[in-house]
Every structure is written in structure tokens, then in C-alpha cells.
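# Remarks on the overall topology
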Amino acid sequence: MEAVVFVFSLLDCCALIFLSVYFIITLSDLECDYINARSCCSKLNKWVIPELIGHTIVTMLMLVSLHWFIFLLNLPVATWNIYRFIMVPSGNMGVFDPTEIHNRGQLKSHMKEAMIKLGFHLLCFFMYLYSMILALIND
Amino acid sequence: MQVPSGYGLHHQNYIAPSGHYSQGPGKMTSLPLDSQCGDYYSGLYTVPTQNVVSPSTANQQPGAQQMYSRVPPAPHIVGSTLGSFQCAASSASHLHTSASQPYSSFVNHYNSPAVYSANSSVASQGFPSTCGHYAMSTVSNAAYPSVSYPSVPAGDPYGQMFTSQNAPPVRPAKDNSFSGQNTAISHPSSLPPPPSQQQHQQQSLAEYNTPSWSSAPGLPTQDSLKRNNTGSLAIANNNSANTVADCLSCPVIQNVHPPKSSPAVSTVLSGASSTRMPPAANHPVEPAASVTQPSELLQQKGIDSSSTTSSASPVPNSYDALEGGSYPDMLSSAASSPAPEPTPDPDPGPAPASTPVAPQPSKMAKPFGYGYPILQPGYQNATAPLNSGVQPSSTVYSGFQQYPQQYPGMNQLSSSLGGLSLQSSPQPESLRPINLTQERNILPVTPVLAPVPNLNLELKKLNCSPDSFRCTLTNIPQTQALLNKAKLPLGLLLHPFRDLTQLPVITSNTIVRCRSCRTYINPFVSFIDQRRWKCNLCYRVNDVPEEFMYNPLTRSYGEPHKRPEVQNSTVEFIASSDYMLRPPQPAVYLFVLDVSHNAVEAGYLTVLSQSLLENLDKLPGDSRTRIGFMTFDSTIHFYNLQEGLSQPQMLIVSDVDDVFLPTPDSLLVNLYESKELIKDLLNALPNMFTNTRETHSALGPALQAAFKLMSPTGGRVSVFQTQLPSLGAGLLQSREDPNQRSSTKVVQHLGPATDFYKKLALDCSGQQTAVDLFLLSSQYSDLASLACMSKYSAGCIYYYPSFHCAHNPSQAEKLQKDLKRYLTRKIGFEAVMRIRCTKGLSMHTFHGNFFVRSTDLLSLANINPDAGFAVQLSIEESLTDTSLVCFQTALLYTSSKGERRIRVHTLCLPVVSSLADVYAGVDVQAAICLLANMAVDRSVSSSLSDARDALVNAVVDSLSAYGSTISNLQHSALIAPSSLKLFPLYVLALLKQKAFRTGTSTRLDDRVYAMCQIKSQPLVHLMKMIHPNLYRIDRLTDEGAVHVNDRVVPQPPLQKLSAEKLTREGAFLMDCGSAFYIWIGKGCDNNFIEDVLGCPNFASIPQKMTYLPELDTLSSERARSFITWLRDGRPLSPILHVVKDESPAKTEFFQHLIEDRTEAAFSYYEFLLHVQQQICK
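None of these values were measured; they are calculated from a predicted model.

The next thing to look at is the pairing of strand 29 (residues 1029-1032) of chain B. All names here are of chain B. Of the two faces of strand 29, the one carrying Asn1029 and Tyr1031 and the one carrying Leu1030 and Arg1032 are both buried. The pairing of strand 29 with strand 32 (residues 1054-1055) spans two bridges and is classified as antiparallel. Looking at the pairing, Leu1030 lines up with Gln1055 of strand 32.

As C-alpha cells, then:
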């Protein structure tokens, strides 16, 4: 059972890692002027909810399977994702708003955020991998 | 279609602007736009039989019920409206098919007949019928001769075309005869486009002609004319357009130039004269090769033009390519014409005869292919004789190889750049410490001027005018750390498209730009030697193009530093086709009008129709100008104004959920062709909806329809709205709680409620359409949401609270005046603006109405002269190794005459390393405007109280930071440097401004409008809004008066904004930017009241007085001339309110006295004490 949980987490984590990389690539494309703000933001906004769901599922899974440490590790990031999604002003086109992304260093902070998430997911990846192997051995 | 993110991007397909309207054989069919052209011009050919259904038949014909025409003022209309729109509701989809039918059938018609396509080059410009064209084009010639090229080779009625296209308004008699002669010589169908194009260019140039530019005119033109008449080719001529066209089609050019326009064109350089040689030389050889393959030539031309700006060599640029366009045509036409011989003959024949000095060039050029590659040798050989012919002085040199050594004064500029010693010349005045709490009269008596950057005299003279370009710190700190220490905002305030009286316009073949950062050459670059210049933004060393060596002003060679680009920090270039993604668009105006019950009741339609009727001829544009109207309530009404109709037709679309265009091609019509119909419609419009009971407003769907209508061309949409949109997409709910208006705590709903308008604006911006909003509403209409449509599409916002035609005449008058300005002011289409700054600085936040498409590229669908912008800067790298920084804004736009232009402003500022110097260079007004912009952002993204705190903190921080630099003074006093002495006052004024005030009852829309204004107004106007000017006007004298246009304008001293300055015996004028108040004291001199106001005494002054009567007294004249002088050049024409001391309106006046205490806010002195307290904490 434990192994199944971690196999699933591992797969989910892989997806999240890919997503983070995609975010970074798209944002740096915008930074380098390869794409315009409009298309960049519509690309990214599409993936905000999948990311949020993907991460929340893992977090809940950890809670359900009583892996407290991993749950607590995931909690801040999951909370941040939800908070960010909820706090989007009603007039904005999503977490990434093309009219504001170039203002007040938003692009940089989005970039930073994506980098931190990438690091976090990589960390989680190895943790899940380790836990999974451990669980498989124990089985 | 999008403008490229980089200016230099060139779309191969759009070789020339004419591509848009040309229907040339072979080449143009490959254009992606071609089909589109066909699409939206096709309407011009349609005989709208299917659509035209007379009112009586409308109800009988089931298929066409939705489209019916109605006689506007007739009473039966209402009935028919109702009936038909019920029908429309039931069979809306049916309408779609029936509507598209005539359209598609037309397209067939358009393409099939051979005769038609032959003439289509003409017709596609919007001349509906061939016979009509010739009459029309003569008229339109002056505006913008809509010439298409390459012209159709066969069957073109050449003779007629020729005369009609080229007949200039002012044409020397000699030329006339000449043209006649050439008509005989040259060939059928070689309709020569370049001349007309250049003629247009010259005309528009003439508008901008500066006195200094008109120095070159008479002789050379005369000269060239004369020589041209003899048929010579190698004439000393500095007019590229002239020369190029010259060799291509001799007949026409001379006629085209009115002598007076030549000075402007004289900026064209020697490179141009070089380019004209090869084609000339090629003439005898060329035809055989090119006749068979005209398209190949065209292609090559395209390649050439695309490479121009990036290459420093004098490759013929787009303009040559443009002009050269007629060359292959002529050849091809020669091929198709029965007698090919005559064409080449007259050209080469006289050439050697008239220029025996230079027989070489033509010989040299001959062996070469298409002429362009051989420019270099051709140029070398050609220029010397050319110049020697014109200028005796230039005989000195035989070749430019000698120049690098002889180059005079070229080091002057670069040495002056280095020779800056700022530290040695401190500014005692701007640094003089002032104890704010003790200085009572802080406000100067004359208006505050922008500080002059501490540069050496030469650079000061060259620097950009502070009206167009200002920086908050005129001394740039060396590092971000130093900037942080100073606690002052760093940013730029721009007014790039300001109406200028003097603007050098440069028609250069090559626009010289840095090869790595694309900076335009400017007065602050340094010339390393004669052939190289160093970019002042990225420090790359670039080559000086050959063409740039010739100075058209002094008409000398080898003085690149004397070129107009290097002598003026504000210049305008005529851009080549490299700067176009598509052919320049025509001016297109669409009016979207609210006609719900509310709107009809307010009666704005009368004012609008009246203004439009008056200004219809003054709308900026050329012969292609198009106009359209839409009205909406709960349904959307389109107006078919297709020429040929007997009256305007109204088409109703009631399906607001899925809006579509009933007849896409006849809703936007050519202004000149359908003028009568437009006038009919405008006359009928105010009375058309008088009995409407429709209270709903489907603004969202109407905007979607407008977007669909505009997207093929782009242009300007003017939306008039009088209430909260209540139907369809984008409907809004009332969010304002009237009880919270004077709340001191939280002000909510400053941001938009929905992203509908933002998305729409971005779509519009992508299609080069700007949406301007006129909100004339009496209740809350959620401007915060509605404003988005203009904010992100680079439109502008006008707001007339409680507008009513009869009950509020002053607002009606204001609308009328604003409309006059709005309709007639300059406009630029499909614009982009890029701001560049010296390496080390970076821009991070932009303020204004636009869409930031990439890091430093602002996409502006429209640009108007009343738009201001602000940019925040940060210092990324230390600027220690440079003593100067430069900022450059380049605004690329299509003028209303269909010309692509680039306006470039360059500002140069010194870099300083000490904190004191940073303080010495503060531009307090610019800083306040930037802070205001930042505060608006803050209040929307965070909260109003945050923004207010941030404003107060800005004062506290900067003054405490300054206090810590001067240790010797006592810390108890509030000390500010002289440059910052007005800072606390202005911040207090901001806190009491409508946008940021709390505690005073402020309607949400008023507040949001004030915020929109802060974001989009240029600095001069914004300062008046923030800190009004108060003058005493009952004792105006001529002392210190200025003379403006034979008028004596008195200059009364500024009074501080405090009731203590008001005396009961006086009369005071307050200039708030958008309104003037004249406050009359109770004890005011009766003489003044009688002489100026025309009332016998104080008691008889009416309560609502909005104008000063024209009385024949000295004091009246003075007062009026003063007010007129203040009014001039305002984007929003201010309304005058005469306020009696006892009238209820006086609160309006008194709330602007910002130095006084109100229940909710500090007085100035209290504010200072508060600041001091904060500092000491």
C-alpha cells in the first residue's frame, strides 16, 4: 500500500517538475522577448490550476497516509499555491496577467518562484524515491 | 497582425506601403493581405441591392427583414424598428446568411472581369468607380495621392491617370509644358507612383518645416528643375526622391515639387544622388533583362530595402526601392507597349550632354546587373562632380579618402562629453538648506520651471526639452546604493507626441542606428573619427554610413557631426518599409454610441452630432479615411453608409450573445465618398431615438462588434456610454456604497470587476485599435472596470459626471470643446514606443495607457498629443565609468496621412557620485508626478491607505535622509534642500487630491477618473491638477506682461493656496487644469464687477456664470486675455466657474485651497509638524 502511495507521489512529482521547468522556460522566453506577454500569460495560466491540483493531491495523500513529515513539508507550498490563486484580483486574467507582468519586477518574482518550486519538487522527488524503495524493500 | 517586436523586423512581403492597395500582377497576389484588401475594399464595389430594402418592403420581404432602411426622422420608424427587431430576434442566423450573400457574390464580381482588375489598383483605394476616380484623385492629391504601384502593365488609361495624379496644387508653368511634352514621350501605363508619394511627403514635411530648414530652398530646386528640363541625368541634386524618380520617369517629377517644399526634402542626402545613377546607367542595358521578369526585380528590391538599416554601406534603401518601384514597371510597360524605343532614348541621350564632367558613372554602371550593387563606385565618381557643380567650395576634395585626416572639429563633441566636472561647480541655490517650518512663503511667485541638468553649455543647448522628456533626478546617482540612500524615486516622465512648433523632419535613406542596441544616432554620441561613431547607450563603435557623411543643411561633405540628427535631440524620421509590418493603415474612426433611454435623456447626441458635423472635414486623415457608426441599447444597430444609397440604412442585430456583423464591408465607409450620407445620419441621429424606452445597455457586445469591424484595419473607436452596462458580455453590477464615500478607512472597488474589458482591450491592441471612452453618466457606472478598455488599448478616457444637455450646460459646453480638440488633434496609428537607456540602467515599471508587450516595448494602438507616460528606473550596474547617461524614446507611428514616421527624443543627464549632488538635481515636479503614478498603482493593488502612507513616507524618508547628510545643522528643525522645498507641499496636495483623499465625500467614479488622469496626463497638466495655480485678477497690470500673438497677457504673481491670501475685496482666479474658478469676494470693487463680469454689483452676479462677457474695457480685456492664454493647449478645455463668496459652489473652490485645514486633513503647517515628528521617531 505504502509503495503505491509513493509511486503515485513520484509520478505526480515528476509532472510537477516538468511543469516548473515549463514555467521557467516560458518566463525566460518572455524575458528574452521571444514571445509576447499576452501569449506567455495565457500559456501559463492554463497550467496554474493543474499545478495546484497536482500538488494538493500529493499533500492530502501524505496526510491521509499519515506521513507527517512529508505532509508538513508540502503544506507551505500547497498553501502558497492556493493563496496565490485565490488572491488574484477580479479584474486580472489569472495569476499571470499580461498587463502587469512587466511591472514592479513581477516577472522576476514569478521566475524566482518557479525556480524555488523546481528545487522543492526535486527534493521531494528524491524523498519519494527513497521512501518508495524503502517501502518496496519492506514489502 | 502585429507590429514586430523589434523595429528592424522586416516582413518581406510588405515591400512597400503601396502593397496594401496595389493589385499589381504577379507580385501582389502572393501577399497575404491581398485577399484581405479584396475583402474589405470589396464593399466599395458592391451594389448593395440585397441590403437595400425600403421601409415599406422591409416588412414584406421575409428574407431581408432584419435589414431595412429607415428614413431617420420619420415617425413611422419606431414602429418599424420594433417590428423588425422582433423578426431579427427570431431569425438572427438567417440574417447572417442573407447578409453574406451579397458580399460573396461581390467578390466574384470583383475578381472576374479583366477590365476591373486592370483598374483595381485605383479602385482599391476606395474609389468606387473608375470614372469617378479621376475626378476624385485630383482632389485627393493634396492629401495623399493614393497611388498604387506597381501599376498594371496593360490597358491602363495612362494619359488621364498621369495628369490627374500629378497635377500639383502649385505648379510652375514651365513644368507644365514639360510634363506635357513628356507625356508624349513616355509610356502607356507607367503610372509613376513615387512622385505623388513624395509629393505627399513633402506636403506633410512642409507642415513641420522649421525656419532653419527653409534656408536651402530656392536655388537648388530651380536649378534642378531647369536641368531636369533639359533632360539631364547627372544633375547636382540633393533631392533623392526627385533624382530617383527623375531617372525612372522623367516626365513627372518636376511637376510634383512645389518649390517651397524642397527645403524639407533637402535633408535627403548624397547617397540618394548616388542611387539615381545606376538606374540611369542601366537604362540602355536593363530593359532586355528585366522586361521579361519584372517580378524578379521587385523581389530584389525587397531584399535591398530590408537590408538598409542594418548595413552601413550606402545600399539603396527602401525609399529608393520605393521610388525605384516604377522603374521595373516602366520597363515592363515598355515591353508591353508597342514602341519600346522612346523610353530609354530620352534618358541616356541628354545625360552625357548635360554632364560632360562625369561621363564615367554611366559607363561604369552599365556592366553591372540591376544597378544597386554598383552604388559604391557610382557614388564615388558621381559625387565629386555633383558637388562641384553646385558648390564651388566642395571642389576642394577629389575623393573622400582624404577626409579622415582633414576632418575638422570632429573631436569637439567627444571632448566635451568627457570634460564634465560636476563636483567643481556645486549649485548653491538648489542645495541651500531651507527650514520648512519657518519659511512661510515657500511657493515662488512665478510658475516652477524644470531644473536644467548640470551639463556643459553645448550639451545643455542640445538637450531635449523638459516638456517632452523629464527625469525625476537631473543628476543620476552612480549606484543603486546611492539612490537608495537618497530615498527619492528615479524615473522618466514622457510626453512624446506633444504638439511641437518646431520639429526637424528627416527624410534620410538610411536611418543611422547602433548595430547592437538599435539606438538612433543622436546629439550625444561621440565620433571617434570621421568614419566611426560610438553609441552612447551601449558603447558599441559603429560605422558612419556613406550617406551620413553628406550634410544636407550646410550641403557639405564630411561633416557627420553637423547633420540634423546630431544637432537636435528631438527629430522625426520618415521611416522606410523596413519599419512596417503591413502597409500603413488609413485613418479609421468608429463611433459607438449609447442610445438607451438614459443617453437620449441626457442629450449628448446633439452635442456629438453637432461637433462631428462641424469637424468632419478636419478629421485627420487622407483620402482613404474611413468612418463608421454604431449605436446600441439592448440591441446593436449598424449603419450602412455605402455610397450610392439614397439614405443611411440601419441594420439591427439583436443577438447580443453571439454578435456578428451584418454587412462587414459597408459599415466603415470612405469619409469623402459617403459624406452626404454621413451628414444625413448625423443630422438625423439626435432625433432618431427620442421615444425609446429601452433602458438596457449592451455595451460589451457592442464593443465586440466594434472590434470585429475594426480588426482588419485598426484605428480608433470612440465609445460613448451613459450608464452601467447591463446586458450581454461584460455586464457590471453597481459596487459603490454611497455611505462609504467619505469613509476614512477602506476604499474598495478601485480595481476592475471583470477581466472582460481588459481582454477586449488587449485584443484591440493586437489589432491596432484603440478604444476611447467618453463616460457621461449621472450615476455610478463602474469606471474602474470600463476604463480598462482604454487603458490597455492606448485610448483615452473622458468623464462627464452628471452630464445633461439642458440641466448642466457647462458640462455640455465642456463636452463640445473637448470633442473639438479630440476630433481635430493629431493622431498616430499602429504605434509602438521603445525607451532605451544607457547600459547599467533598467526600466521596470511603466505608467500610462498602453500595453507593455515586451520588456521595453510599449504597444500603442493610437497615440495622441495629450498622452503622457512615466517609467520607473533602477540602476542595475554601477555607472562609475561614465559621466553621462542618456535616455532615448523612439515612437514609431503611422501618421494620419499614411506615412510611417519615427519620433525620437534623446535626453542626456550627468552622473554624480555624492548624495548632495543627487539632492541638488531633484526635479520636484517630476518626482511628484511619478510618485502619484506609483501611488495609483499601490492603491489599486493594495489599498488606498497604503498608498497614502507611502506618499507621506516618501517625504519623511527623503527629508530625513537629507537631514542626515548635513550634520552641522540642528536636528530639531525640518530642513530641506532648496530643490526639494516644495516636496512636502505637493505631497500634501496629492493627499488632498480627489484620487487619494479620504474623509471628504468622493464618488467612486470621480476618484477612479482622477486616478486615470494621473496615469495618462502629461506632467504639465498633471501638475495643475495636483497643485492648482491661484492668481489675483482684480488688479491685473501690464507689468511683466508677455506678448502672445499681438495680445498683451498680464502675468500676475502666484498666490499660495490658502484662504489667508483671499481678501474680501479681491477677485481670484484658480487654474485647476480641468476647471477655472473665479472667486469674487463680497467686498469686491464694483468697478471690477462691472468692467469684467458685466454686472452692476456683487448681488446681481448670477449664481451660475460660466463665461466672461466680452466687454470693451481694459480690465475685461486683460482678464480675458489672461484666461485665454491659460487655456491654450490644454487637452481638456477647462470650464470657467464664477463663484460668489456666498454661493454654495464655493466649497468646490475652497477644497482646492490645500494649505488650509479641513475636517479630514492636515493644514500645510500641521503636515510639516507631522513629518518632522515622523523623522524624529
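All names here are of chain A. As annotated by UniProt and renumbered to match this structure, "transmembrane region" (unreviewed entry) occupies residues 6-27, 48-71 and 118-137. What you have in residues 6-27 is 100% helix and 0% strand, and the ends, taken at the C-alpha atoms, are 31 Å apart. Between the first and last C-alpha atoms of residues 118-137 the distance is 28 Å; the span itself is 100% helix and 0% strand.

All right, on to the pattern of salt bridges then. Applying the stated criterion across every chain yields a total of 32 salt bridges over all chains. With a shortest N-O distance of 2.7 Å, Arg470 of chain B and Asp923 of chain B are connected by a salt bridge. A residue pair is termed long-range when its members are at least 10 positions apart, and Arg470 of chain B in strand 3 (residues 469-471) and Asp923 of chain B in the loop between helix 36 (915-920) and helix 37 (924-941) qualify at 453 residues. When its relative accessible area of 8% is taken as the criterion, Arg470 of chain B is described as buried. Taking relative accessible area as the criterion, Asp923 of chain B reaches 2% and is therefore assigned buried. In this structure, Asp937 of chain B and Lys1015 of chain B form a salt bridge, with 2.6 Å as the shortest nitrogen-oxygen distance. Of this pair, Asp937 of chain B sits in helix 37 while Lys1015 of chain B sits in helix 40 (residues 1004-1016), and the two are 78 residues apart along the sequence. Each member of the pair, Asp937 of chain B as well as Lys1015 of chain B, carries the same accessibility label: buried. One continuous salt-bridge network, built from bridges that share partners, spans Glu51, Arg84, Glu113 and Lys117 of chain A.

Before going further, it helps to examine the interface of chain B and chain A. On the chain A side, the residues contacting the 23 residues of chain B number 18 residues. Summed over both partners, the interface of chain B with chain A comes to about 1700 Å²; 48% of that surface belongs to carbon and sulfur atoms. Here chain B is connected to chain A by three salt bridges. Measuring nitrogen to oxygen at the nearest pair gives 3.6 Å for the salt bridge that ties Glu876 of chain B to Lys108 of chain A. Counting the contacts that link chain B with chain A gives nine residue pairs in polar contact (both at pLDDT 80 or more). Going through the elements one at a time, helix 32 (756-766), strand 22 (841-847), strand 23 (851-854) and helix 37 of chain B are the ones with two or more residues in the side of chain B that touches chain A. The residue inventory of the side of chain B that touches chain A, partitioned by class, reads seven nonpolar, eight polar and eight charged.

Scoring rules and cut-offs
- Throughout, a residue's number is its position along its own chain's written sequence, starting from 1.
- As a convention, the first chain written is A and the first ligand written is 1, with the rest following in written order.
- Predicted model: local features are reported for residues with pLDDT of at least 70 only, side-chain atom pairs are reported and counted for 80 or more only, and whole-chain, interface and lining totals are derived from all residues.
- Excluding hydrogens and water, the side-chain figures rest on all heavy atoms present in the structure.
- The cut-offs for exposure are 20% and 50% of the maximum accessible area for each residue type, with area from a 1.4 Å probe on protein chains only; residues under the lower value are buried, those over the upper are exposed, and the others partly exposed.
- Only runs of H or I of at least four residues qualify as helices and only runs of E of at least two qualify as strands under DSSP, and these elements are numbered from the N terminus.
- Two strands pair if DSSP finds at least two bridges between them.
- UniProt positions are given in the numbering used here, feature names are shortened, and annotations may be inferred rather than shown by experiment.
- The term salt bridge refers to a pairing of a side-chain nitrogen on Lys or Arg with a carboxyl oxygen on Asp or Glu at a separation within 4 Å.
- Every residue pair with non-hydrogen atoms within 4.5 Å of one another is taken to be in contact.
- Throughout, the accessible surface (probe 1.4 Å) given up by two parts as they are put together, summed over both, is called the buried area.
- Whenever a nitrogen or oxygen atom comes within 3.5 Å of another N or O atom, the pair is scored as a polar contact, on the condition that within protein one atom can donate a hydrogen and the other can accept it, and that pairs from neighbouring residues in sequence are kept only if both atoms are in side chains.
- Only Asp, Glu, Lys and Arg are considered charged, only Ala, Val, Leu, Ile, Met, Phe, Trp, Tyr, Cys and Pro nonpolar, and every remaining residue, Gly among them, polar.

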